[in-house]
Number of protein chains: 2
Amino acid sequence: MADADLLDPSAVVAGMARQARKAQVLLARMGDGQRVAGLRAAGRALRQEEAAILAANARDMARGEAAGLSPAMLDRLRLDSARLAAIAAAVDAVAGLKSPLGEVISRDTRPNGLVLERVRVPIGVIAIVYESRPNVTVDAAALCVRAGNAVLLRGGSEAVESNRALHAAFVRGIVSEGLPEDAVQLVGSQDRALVGAMLGGAGLIDMIVPRGGKALVARVQADARVPVLAHLDGINHTYVHAAADPGMSRRIALDAKLRRTGICGAMETLLVDAAFPDAPALLGALMDSGCELRGDARAQAIDPRIKPASDEDWDTEYLDAVLSVAVVDGLEAALAHIAAHGSHHTDAIVTEDAEIAARFLAEVDSAIVMHNASSQFADGGEFGLGAEIGIATGRLHARGPVALEGLTTYKWLVRGNGQVRG
Amino acid sequence: MADADLLDPSAVVAGMARQARKAQVLLARMGDGQRVAGLRAAGRALRQEEAAILAANARDMARGEAAGLSPAMLDRLRLDSARLAAIAAAVDAVAGLKSPLGEVISRDTRPNGLVLERVRVPIGVIAIVYESRPNVTVDAAALCVRAGNAVLLRGGSEAVESNRALHAAFVRGIVSEGLPEDAVQLVGSQDRALVGAMLGGAGLIDMIVPRGGKALVARVQADARVPVLAHLDGINHTYVHAAADPGMSRRIALDAKLRRTGICGAMETLLVDAAFPDAPALLGALMDSGCELRGDARAQAIDPRIKPASDEDWDTEYLDAVLSVAVVDGLEAALAHIAAHGSHHTDAIVTEDAEIAARFLAEVDSAIVMHNASSQFADGGEFGLGAEIGIATGRLHARGPVALEGLTTYKWLVRGNGQVRG
């Protein structure tokens, strides 16, 4: 792949995808125990190769600093012993999950005696296009392999050496247990045309998962001719209803906004019911914790420290200690605001009124709807799915945190004894 | 819509889709009993409007004959009392199906007390682009409505008057039970630009289902920026293994090829094992029944009536009394032929060897794999799903016959009592 730039990008991707398809067939036919053994060996290899991986990462870091990457990007790029140990542990965790392959989703015997089963099988060849975080190289590879899929990994140029070192260790591990090397391929060249060829790889690549900034996701969603599993925005609302518990509202709002401001599950808009009596304390607690509030006129009337919100604020994912605040008159107004400005990711209500909560959960059209909980729980690990390949806000195939099951499809098995339709 | 041609096609489709979205929200919130009552009323309305519907169809038929449509197309277009009664009965059948909405797909209580549920919900706004058969207007509308979806219907110009009459009766029925009129909209104009606008309706339309000829499906798959549920080809193989029962092989082959040659589940290629002793009788029976056989050299050696197959024959969906025949040496050769030429639709094996059958079912990568049965069973009705919206050969979301469940997605409901991630 080193001289990919010299070749036709479509031919390069097609060649990798065909090798991946062959490897995927072998991977899918072997027993799950062998896939598990391969992942455990990959985890060991990652630990054994710590020196080489951290040295490669140090070279990426040096290049990134010289290139003036932001402190946030450098932090996402940086590996150390603890972070590498966590990456290896995540592989072991995926090895410890229950395999979805072979699960009989439905079974029926027809009046004519035909026995129908829907059985879970791998999707096939999956492409991951990602930025900065080198751990995605390993997380995505582990999930895809466990679900019987081959994967093409295209990381960002800033992490190219880290990704090569992580990929080399991972593949050495799975190959030591007889898994096919081509099941996990790294698109080594940084030629941007290769990404275009991957997005155009209909028939060669079965699904593309973009992981990274909004620009990357938007490009993939706009240009892909292959099904895409992704979310563009996490414009998540928390609606504090009139009958919300004041203390719980503060705890949830502070956690949903400030625990980590940079994750897609963070709250970006707070909807406060006009009949909620404790609004001043709620908004004050957020500002006292260092959060900038941008509110509509009624919110500003609650506390002079609240800045005016522009029209854009209601559609903005800050990923920072900034929050838009609107005062709403009851459930219908909250639902209307979320329908107008939400991104179908994660929206929550805080209330002690079970009937209102049930209506909110039923009527908000988002991948995840929550009652009396922090939106920062929108995470595959917190959902008990193990590592996640991503969070999807589309409507088809998989929604919300996507892990092993979302990396499978099914086939119909029909068993007869000579039936004809006649 | 009559003057759609005078308007910007994108604006026309966007307007219809927004109305559909509003109607879908209302449709999804009402009880399933009301949706069922609406469908039963639609069935009654179709019967009550028989005279008007058949008169409209007669005008389409006259226009079609004048335009020189093929007898096959005219037959697909033609309605009579019996066919209309069957269309109305299909609506009643959909009303009698179990609703997938609200089904709890999975439920889990996390160690922190959060209760997670995945619950089935409608997809949203679905577009159907189809040709000739007017029954699709009603079948698709019934399935979409029962699953809580709004639908935009774009039929072919040859059936425009039939579709308008069927749509008018259907909508009169559902509205009489309080279902929203805009839940089922017919794109009345035949302006082809409207189809382009539908294919480009990302964010407005959640899924597109093309129903019709290969040219239509290929165009939709190539141009759609919206998820597509479809199959392009049904190049279906039946592999008669060495250990196949001779009589069963003949019955299955004759049914799979000749019961109806024009359906996507029809067999198009017969793979005969070189070690199958009864090949001459099998191939003879097909030819004696009026089927043209095109074979490789070894097949031709079995019977001089067999014509030579060209390279294209192995990749051709005849949809006619024509069959390509190849002699293969064992399971691996059969699997290799299917992998090289199949369309991932429906492939079958005939054998008394359970181990060989299990390997075929596991290793053939098709939406439907069958053992000792005719591929003509590849049908939602035969699978017990009721009417089908289509058969999908893609890998994501739904595979094989797609009915109510394939017209749903899910959302995550998270119920807490104040949990924060901390």
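The structure presented is a predicted model; accordingly, all values stated were derived computationally and were not measured.

Reading the values: the criteria
Residues numbered from 1 in each chain as written. Chains lettered and ligands numbered in written order. Predicted model: local features only at pLDDT ≥ 70, side-chain atom pairs only at ≥ 80, totals over all residues. Heavy atoms only, no water. Helix = DSSP H or I, 4+ residues; strand = E, 2+ residues; numbered from the N terminus. Rg over C-alpha atoms; globule rule 2.2 N^0.38 Å. Buried < 20%, exposed > 50% of the residue type's maximum accessible area, 1.4 Å probe, protein only. Areas by Shrake-Rupley, 256 points an atom, 1.4 Å probe, with all protein chains shown as cover. Lys, Arg positive; Asp, Glu negative; His and termini not counted. Charge placed at Lys NZ, Arg CZ, Asp CG, Glu CD. Pairing = 2+ DSSP bridges. Axes fitted to C-alpha atoms, helices over the stretch in contact; angles between N-to-C directions. Parallel < 35°, antiparallel > 145°, perpendicular 65-115°, else oblique. Left-handed = near helix turned anticlockwise from the far one by under 90°. Contact = heavy atoms within 4.5 Å. Nonpolar A, V, L, I, M, F, W, Y, C, P; charged D, E, K, R; others polar. Phe/Tyr/Trp six-rings, centres within 6.5 Å; stacked < 30°, edge-to-face > 60°. Lys NZ or Arg CZ within 6 Å of the ring centre and 35° of its normal. Least-squares fit on C-alpha atoms with pLDDT ≥ 70 in both. Salt bridge = Lys/Arg side-chain N within 4 Å of Asp/Glu carboxyl O. UniProt positions renumbered as here; feature names shortened; annotations may be inferred. Buried area = accessible area lost by both parts, 1.4 Å probe. Polar contact = N/O pair within 3.5 Å; in protein donor to acceptor, adjacent residues only side chain to side chain. Right-handed = clockwise from strand over helix to strand, strands pointing away.

## Quick notes on the overall build of chain A
Point 1. The helix and strand tally for chain A stands at 14 helices and 16 strands.
Point 2. Over its C-alpha trace chain A gives a radius of gyration of 24 Å, about what one expects of a compact globule, namely 22 Å for 422 residues.
Point 3. Burial statistics for chain A: of 422 residues in total, 58% are counted as buried.
Point 4. As displayed, chain A offers around 15100 Å² of accessible surface, 53% of which is attributable to carbon and sulfur atoms.
Point 5. The average position of the 43 basic charges and that of the 52 acidic charges among the side chains of chain A differ by 8 Å.

## Side note on the sheet that holds strand 7 (residues 236-240) of chain B
Point 1. Here 10 strands make up an open sheet; going across it, the order is 1(A)-2(A)-16(A)-13(B)-12(B)-7(B)-8(B)-11(B)-9(B)-10(B) and the pairing mixed. With partners counted over all chains shown, the strands left at the sheet margins are strand 1 (104-109) of chain A together with strand 10 (307-308) of chain B, one partner each.
Point 2. Two elements, strand 16 (residues 408-419) of chain A and strand 13 (residues 368-373) of chain B, share five bridges in a ladder whose sense is parallel. Considered in strand 13 of chain B, the bridge of Q419(A) is made with A373(B).

## Some details on the packing of helix 5 (residues 81-95) of chain B against helix 6 (residues 135-146) of chain B
Residue and element names in this part refer to chain B.
Point 1. In the contact formed by helix 5 and helix 6, the axes pass within 9 Å of each other and the chain directions differ by 15 degrees. Taken together, helix 5 and helix 6 sit at an angle that is classed as roughly parallel. Judged by the twist between their axes, the crossing of helix 5 over helix 6 is right-handed. Along the contact surface, helix 5 presents I87, A90, V91, V94 and A95, while helix 6 presents N135, V138, D139, A142, L143 and R146.
Point 2. Grouping the constituent residues of the contact of helix 5 with helix 6 by class yields eight nonpolar, one polar and two charged.

## A closer look at the packing of aromatic side chains
Point 1. Applying the stated criterion to the full structure yields six aromatic pairs over all chains.
Point 2. Between Y410(A) and W412(A) the ring centres are 6.3 Å apart and the planes differ by 85 degrees, which places this aromatic pair in the edge-to-face class. Comparing Y410(A) with W412(A), the two get one shared label, buried.
Point 3. Connected via pairs of aromatic rings, a cluster forms that spans F383(A), Y410(B) and W412(B).
Point 4. A cation over an aromatic ring shows up here: R118(A) above the ring of Y410(A), its NZ or CZ 4.9 Å from the ring centre.

## Comments concerning the relation of the copies chain A and chain B
Point 1. Each copy of the sequence occupies a distinct position, and chain A is placed on chain B by a rotation of 180 degrees and an axial shift of 0.0 Å, giving an RMSD of 0.0 Å. Between the two chains, the operation in question is that of a two-fold axis. For chain A, the residue whose C-alpha comes nearest the rotation axis is H397(A), separated from it by 1.9 Å.

## Digging into the pattern of salt bridges
Point 1. Taken as a whole, this structure holds 66 salt bridges over all chains when the rule is applied.
Point 2. Close ionic contact of K214(A) with D233(A) constitutes a salt bridge, the shortest N to O distance being 3.0 Å. Within this pair, whereas K214(A) is found in helix 9 (residues 214-223), its partner D233(A) is found in the loop between helix 9 and strand 7 (236-240), the two being separated by 19 residues in sequence.
Point 3. Of the residues examined, K214(A) reaches a relative accessible area of 45% and is grouped as partly exposed.
Point 4. For R399(B), the salt bridge is made with D365(B), and the minimal N-O distance between the two is 2.8 Å. With R399(B) in the loop between strand 14 (390-392) and strand 15 (400-402) and D365(B) in the loop between helix 14 (354-363) and strand 13, the pair connects residues that are 34 residues apart, well separated along the chain.
Point 5. Judged by relative accessible area, which is 1%, R399(B) ranks as buried.

## As for the sheet that holds strand 4 (residues 150-154) of chain A
All names here are of chain A.
Point 1. Spatially, 5-4-3-6 is the arrangement adopted by the four strands of the open sheet, whose pairing is parallel. Taken across any chain shown, the strands that pair with only one partner, and hence form the sheet edges, are strand 5 (184-186) and strand 6 (207-211). Direction aside, neighbouring strands of the sheet carry axes that sit 20 degrees apart on average.
Point 2. Judged from the three bridges that link them, strand 4 and strand 5 form a sheet pairing that is parallel. Residue pairing across strands places V151 opposite V184, the latter belonging to strand 5.

## Let's talk about the UniProt feature "domain: Aldehyde dehydrogenase" (unreviewed entry) in chain A
Point 1. UniProt records the feature "domain: Aldehyde dehydrogenase" (unreviewed entry) for residues 14-274 of chain A in the present numbering.
Point 2. Segment residues 14-274 of chain A splits into 51% helix and 17% strand. End C-alpha atoms: 58 Å apart.

## Brief notes about the interface of chain A and chain B
Point 1. Each side of the interface is counted separately: chain A has 66 residues, and chain B has 66 residues.
Point 2. Here chain A and chain B share an interface that buries about 5500 Å² over both sides, 50% of which is from carbon and sulfur atoms.
Point 3. The shortest N-O distance in the salt bridge between D206(B) and R395(A) comes to 3.4 Å.
Point 4. If you look at where chain A meets chain B, you find 50 residue pairs in polar contact (both at pLDDT 80 or more).
Point 5. The element that contributes the greatest number of residues to the side of chain A that touches chain B is strand 16 of chain A, accounting for 11 residues.

## Thoughts on the pairing of strand 13 of chain B
The two faces of the sheet receive side chains in turn, since in a regular strand these alternate between them.
All names here are of chain B.
Point 1. The element strand 13 is extensively covered by neighbouring structure, given that six of its six residues are classed as buried.
Point 2. Where strand 12 (residues 346-350) and strand 13 come together, four bridges link them in parallel fashion. Bridge pairing in strand 13 places D347 opposite V369.
Point 3. Where the polypeptide runs from strand 12 across helix 14 and back to strand 13, its parallel neighbour, the crossover connection is right-handed.

## Regarding the environment of V12(B)
Residues and elements named next belong to chain B.
Point 1. Mapped onto the fold, V12 is located in helix 1 (residues 9-29).
Point 2. Residue V12 is classed as buried on the basis of its relative accessible area of 8%.
Point 3. Separated by 186 residues in sequence, V12 and M198 have C-alpha atoms that sit 9.6 Å apart.

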